[in-house]
Amino acid sequence: MENNTEKTKEKRTVHYPMFDPEKAGVPNNICPIATDLIYMNTGDWRAQRPIVLRSKCVKCATCWVYCPVQCIVEKPGWFEADLARCKGCGLCAKECPHHAIFMIEEKEEDNA
């Protein structure tokens, strides 16, 4: 009688050839928009921005934990959002247990 613990399955490695679009006949202009990387700050399109009340901030880092884009940066006595990366979702203000963060409407700058 064979013992099940003595049976070992051999792992088989399968090597697949790399996909070559030229050999496959895929044209190189199929998606020209997606071929060039465009850098965009998430802060360029937000509608609201967070304001930190420094007197209420106890540096518990709850805002830092919940921020989906990790734009919260630590200062000597408080946390604040890097507005170049902040997308204005308001999660930091909603989750702050000390109500040290509130959201204000973003206004366009006058370029006059």
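Nothing here was measured: the structure is a model prediction, and the numbers come from that model. (Residues numbered from 1 in each chain as written. Predicted model: local features only at pLDDT ≥ 70, side-chain atom pairs only at ≥ 80, totals over all residues. Heavy atoms only, no water.)

**Here's the deal with the overall build of the protein chain**
Argument step 1. Scanning the protein chain from terminus to terminus reveals 4 helices and 4 strands.
Argument step 2. Listed by position from the N terminus, the elements making up the protein chain come as α-α-β-α-β-β-α-β.
Argument step 3. Taken across its 112 residues, the protein chain has 20% of its residues classed as buried.
Argument step 4. Sequence separation of at least 24 residues holds for 60% of the intrachain contacts in the protein chain that already meet a minimum separation of 6. (Helix = DSSP H or I, 4+ residues; strand = E, 2+ residues; numbered from the N terminus. Buried < 20%, exposed > 50% of the residue type's maximum accessible area, 1.4 Å probe, protein only. Contact = heavy atoms within 4.5 Å.)

**Looking at unusual backbone geometry**
In most cases, non-glycine residues show a negative phi, while peptide bonds are predominantly trans.
Argument step 1. For Ala-61, which is not glycine, the phi dihedral falls at a positive 70 degrees.
Argument step 2. Looking at the secondary structure, you find Ala-61 in the loop between strand S1 (48-52) and helix H3 (62-66).
Argument step 3. According to the relative accessible area criterion, Ala-61 is buried, its value standing at 18%.
Argument step 4. Located in the positive-phi region is Gln-70, a residue other than glycine, with phi close to 50 degrees.

**Things to note about a nonpolar patch on the surface**
Argument step 1. On the surface, Trp-64, Val-65, Tyr-66 and Leu-91 cluster together into a nonpolar patch covering about 390 Å² of accessible area.
Argument step 2. No other element matches the 3 residues that H3 contributes to the nonpolar patch.
Argument step 3. Residue placement: Val-65 occurs in helix H3. (Patch = residues over 30% accessible without salt bridge, like charges linked within 9 Å, V, L, I, M, F, W, Y side chains within 5 Å. Areas by Shrake-Rupley, 256 points an atom, 1.4 Å probe, with all protein chains shown as cover. Salt bridge = Lys/Arg side-chain N within 4 Å of Asp/Glu carboxyl O.)

**Regarding the environment of Cys-86**
Argument step 1. Mapped onto the fold, Cys-86 is located in the loop between strand S3 (79-81) and helix H4 (91-95).
Argument step 2. When its relative accessible area of 5% is taken as the criterion, Cys-86 is described as buried.
Argument step 3. In this structure the C-alpha to C-alpha distance between Cys-86 and Gly-43, which are 43 residues apart in sequence, comes to 5.0 Å.
Argument step 4. Beyond its immediate chain neighbours, meaning those up to four positions away, Cys-86 contacts Thr-42, Gly-43, Arg-46, Pro-50, Val-69, Cys-71 and Ala-81.

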